[in-house]
Amino acid sequence: MELRPDLATRAVHAGRQDLAALGVHALPIDLSSTYPFSDLDGATASLDALVAGDQRAPNPVYARLHNPTVARFEDGLAELEGTAAAVAFASGMAALTAVVLAARADGGHVVATRPIYGTTDHLLTCELLGMEVTWTTPDGVADALRPDTALVITETPANPTLALVDVEYVVAQAGDVPVLVDSTFATPVLQRPAEWGAALVMHSATKFLGGHGDVVAGVVACGEAWARRLRQVRVATGALLHPLAGYLLHRGLTTLPLRIERAQATAQTLAARLLDHDAVAAVHYPGLEACDPTRLVGRQMDGPGTMLAFEVEGGYEAARAAVEHVSLMTPAVSLGSVDTLLQHPAGLTHRVLSDDARAEGGIAPGLLRLSVGLEGADDLWNDLAGALAAVEHLAVVA
Ligand SMILES: *Cc1c(COP(=O)(O)O)cnc(C)c1O
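Quick caveat: nothing in here was measured; it's all calculated off a predicted structure. (Residues numbered from 1 in each chain as written. Predicted model: local features only at pLDDT ≥ 70, side-chain atom pairs only at ≥ 80, totals over all residues. Heavy atoms only, no water.)

Before going further, it helps to examine the site of the ligand. Within the structure, the ligand sits among 15 residues, and G92, D182, S204, T206 and K207 are positioned closest to it. Interatomic distance of 2.8 Å between a side-chain N/O atom of K207 and an oxygen atom of the ligand. For the ligand, the accessible surface in isolation is 380 Å², of which the surrounding protein chains cover 92%. The set of elements that each furnish at least two residues to the shell around the ligand consists of α5 (92-103) and β6 (200-204). Taken together, the residues of the shell around the ligand break down into six nonpolar, six polar and three charged. (Near = heavy atom within 4 Å. Polar contact = N/O pair within 3.5 Å; in protein donor to acceptor, adjacent residues only side chain to side chain. Areas by Shrake-Rupley, 256 points an atom, 1.4 Å probe, with all protein chains shown as cover. Helix = DSSP H or I, 4+ residues; strand = E, 2+ residues; numbered from the N terminus. Nonpolar A, V, L, I, M, F, W, Y, C, P; charged D, E, K, R; others polar.)

On to the UniProt feature "modified residue: N6-(pyridoxal phosphate)lysine" (unreviewed entry) in the protein chain. As annotated by UniProt and renumbered to match this structure, "modified residue: N6-(pyridoxal phosphate)lysine" (unreviewed entry) occupies K207. With respect to the helices, strands and loops of the structure, K207 is situated in the loop between β6 and β7 (218-222). Those residues within four positions of K207 in sequence are excluded, and the remaining contacts are Y117, T184, S334, L335 and G336. (UniProt positions renumbered as here; feature names shortened; annotations may be inferred. Contact = heavy atoms within 4.5 Å.)

Here we come to the sheet that holds strand β5 (residues 179-182). On the basis of which strands lie adjacent, the open sheet formed by seven strands has the order β1-β7-β6-β5-β4-β2-β3 and mixed pairing. Bordering the open sheet on either side are β1 (85-89) and β3 (132-136), each of which pairs with just one other strand. Averaged over all pairs of adjacent strands, the angle between their axes in this sheet comes to 20°, without regard to strand direction. The strands touched by helix α6 (residues 118-125) within the sheet are β2 (109-113), β3 and β4 (149-155), with β3 carrying the most contacts at an inclination of about 135°. In this fold helix α10 (residues 224-237) packs onto β1, β6 and β7, with an angle of close to 20° to the strand it touches most, β1. (Pairing = 2+ DSSP bridges. Axes fitted to C-alpha atoms, helices over the stretch in contact; angles between N-to-C directions.)

All right, on to helix α14 (residues 377-397) then. Here α14 contains 21 residues, and its C-alpha end-to-end distance of 30 Å stays within 8% of the 30 Å for a straight helix at 1.5 Å per residue. Among the residues of α14, those classed as buried are L380, W381, D383, L384, A387, L388, A390 and V391. Against the buried residues of α14 lie α11 (243-275), β8 (280-284), β9 (307-312), α12 (315-324) and β12 (367-371). (Expected span 1.5 Å × (residues − 1). Buried < 20%, exposed > 50% of the residue type's maximum accessible area, 1.4 Å probe, protein only.)

Let us look at the domain arrangement of the protein chain. Partitioning the protein chain into structural domains gives domain 1 (7-30 + 67-253) and domain 2 (257-397). Facing 41 residues of domain 1, the contacting portion of domain 2 comprises 37 residues. When the two sides are added together, the surface that domain 1 and domain 2 hide from each other amounts to roughly 3,100 Å², 64% of it contributed by carbon and sulfur. Three residues, L164, L190 and F208, lead the burial of domain 1 against domain 2; their summed loss comes to 22% of the area buried on that side. Between the two partners, domain 1 and domain 2, sit three salt bridges. Across the pair R299 and D166 runs a salt bridge whose closest N-O atoms are separated by 3.6 Å. Where domain 1 meets domain 2, there are 13 residue pairs in polar contact (both at pLDDT 80 or more). (Domains from an automatic or database assignment. Buried area = accessible area lost by both parts, 1.4 Å probe. Salt bridge = Lys/Arg side-chain N within 4 Å of Asp/Glu carboxyl O.)

Here it is in structure tokens:
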């Protein structure tokens, strides 16, 4: 699958245009918590601008209002997503919380599609942020709208089943209501939801954008009007991204296309071999025709991606045997790292859901989610085949 040729170039250079003029090669890191001023009126004007949602001002004043290292990462990500702006937060959940809080001014109701990331489901269902939620399918968005609907939230590919959502179709149904797409699984390398009309594109930057399992972060790419609202929420609530994390994320962008391309090739190989394995009841991967009935790969997505899920025969106990018998892969939640991660959604990431919500989202007890990393495909397959042998052994003993 061909990736956009200019993407690799932009990933290396985005947010760095002024470095040569500054006389430096690497991204500068500014760790200041406060900033000296020479004239009070200048500092006051800067403060007013930043509190109102400007991204930059002559004096950053205080680290909760602005950080230049984080702003560079935001510029870089916005360029890759094709949006005017991006606003970074302390985590993916902090980013989503900021959007929901900002949207509250427009109404008290949210429409969201299932399946979706477990904590997103939990955050909306428990109504902690004072917004009522209606859960629906991507087909049901239009019917779920109310006069006070302020936001539509969807996720594609969806965590953990890799179900795909046609963003253009959801945006059309939403009409004037802004649509947020959680695009964590795809990254801007594989899809840019703003091109299909999404007002807000969210990432858990903890995953592919950081890419090395050592940063927790979130980011929302959007137009300037939304960015101003999100910066206001960030200034007021303080869910900041630390500048060292901003630096690591920005550095991570440079290798993002390369990492996705390599891991995607391996994921395609593993998906094909899993399909043929007797211990595997089903494989969910956007590259398989059955998983992409409306052919979104090639249109909305530039490739099927690096994430896959599969169901083992024998339910929960079989899934347990599989995750406990890998040795090269890391049995752990999270995704998008250089190493391959295997986890059990019903037991971990989607445990917080009710049984009904899990069933509605297609999260079977025997479902496993694989985030394919950069190891050799044959080494990964040998590891997986060993774990599946443990699943088959369990069936024989039972
Ligand atoms: C991990 C994840 C989140 C939450 O992000 P955090 O950085 O862990 O707060 C949201 N959406 C998806 C799809 C995720 O995978």
